[in-house]
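Below are the chains, spelled out letter by letter.
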Amino acid sequence: MNITIEGVSKIYKGRTTALDDVSLELKPGLFGLIGRNGAGKTTLMRILATVLEPTVGTIRFDGKDIRQHKLEYRSSLGYLPQNTRLIPHMNIVEFLDYMCVLKGIRDGAARKREIERCTQLVGLEKEGKKTLSKYSGGMLRRAGIAQALLGDPAFIIVDEPTAGLDPEEQLYFLNILSGLGAHATILFSTHIIKDVENICENVCIIDIGKIRYLGTTSDLLEQLQNRIWECTVSPGEETAIRQKTIVTSITNVKGSPVVRYCAEESLYPGSEIAEPLLEDAFMYQLGGIKR
């Protein structure tokens, strides 16, 4: 499914602008959406999930306006919000059966097939008797993605899907998304930039409601090739580097700040050229670390 977003803005009461003239196109595959907290990511995803209406702008799926074809659009949509509301006293089969009915899957045999398919996809096929109240955080996220996959949606929206998961569960979840991206359009919002770097071919960087970058992750990294430097400095000296150029990261290693910065040439003694990371590119697009 192709999703076209044209000139979308969202202004809340009190005149707070959450999105400002956002335009982009989503095609089959994995599309990463990254930005600081409050950048507008969740607002955009809620609009795409038809939870919110945009103040202005148009959204089309395969050329059709979602406002004129809302039921058809929703039938092809899977949505995993950041805080998924599950029903704790139900087991996974009961919960997914309930969600099937809400999604319009009325035939009992069809619901059973969908539940079996989705529980197998997320590795919960052997957890049918356990109530959701007894699930771990990782299992609950799996249950959330299972409900989003009911009906084999052509467009899947996932908001911070790996938040709070341990490394093993994160990897498991990313593998699920990566497999789904072979045939569906997936919009993947996260603050874990490494996750986007690992599985997304395309990325959108959003800040203060505006798009700062839209394109492939490889093109974004290519812009910083041979321009990222790394050096170890004395405490306090990182401030002087920030005054000269864009600093993309500062980490403490054995009590000494290790600074990564963007420049055409070395600006500090002992600097070595480094391979750019998506985190470097993200911070570069936002003007670097300010504090």
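Above this note sits the structure.
Below: a short report on this structure.

Quick notes on the rules
Residues numbered from 1 in each chain as written. Predicted model: local features only at pLDDT ≥ 70, side-chain atom pairs only at ≥ 80, totals over all residues. Heavy atoms only, no water. Pairing = 2+ DSSP bridges. Helix = DSSP H or I, 4+ residues; strand = E, 2+ residues; numbered from the N terminus. Contact = heavy atoms within 4.5 Å. Axes fitted to C-alpha atoms, helices over the stretch in contact; angles between N-to-C directions. Parallel < 35°, antiparallel > 145°, perpendicular 65-115°, else oblique. Left-handed = near helix turned anticlockwise from the far one by under 90°. Nonpolar A, V, L, I, M, F, W, Y, C, P; charged D, E, K, R; others polar.

1. A short note on the pairing of strand β1 (residues 3-12)
On a regular strand, one side chain projects to one face of the sheet and the next to the other, so that they alternate. Summarising the sheet, β1 and strand β4 (residues 56-61) pair through 5 bridges and their orientation is antiparallel. Counted as the bridge partner of Glu6 is Thr58 from β4. The turn linking β1 back onto strand β2 (residues 16-26) is made up of 3 residues, and Gly14 within it adopts a positive phi angle of 95 degrees.

2. Comments concerning the sheet that holds strand β5 (residues 64-65)
Read across the sheet, 4 strands follow the order β2-β1-β4-β5 without closing on themselves; strand pairing throughout is antiparallel. Strands at the two margins of the open sheet, each flanked by one partner only, are β2 and β5. In terms of strand pairing, β1 meets β2 through 7 bridges, oriented antiparallel. Residue pairing for β2: Val8 is matched across the bridge by Val22. Relative to the sheet, helix α1 (residues 41-48) contacts β1, β2 and β4, its axis offset from that of β1 by approximately 120 degrees.

3. A look at the packing of helix α3 (residues 92-102) against helix α4 (residues 108-121)
α4 packs onto α3 with a crossing angle of 125 degrees between their chain directions and a minimal axis gap of 10 Å. Between α3 and α4, the angle falls in the class oblique. Judged by the twist between their axes, the crossing of α3 over α4 is right-handed. Here Ile92, Val93, Leu96, Asp97, Cys100 and Val101 of α3 lie close against α4, whose contacting residues are Arg111, Glu114, Ile115 and Thr119. Across the contact of α3 with α4, the residue classes tally to 6 nonpolar, 1 polar and 3 charged.

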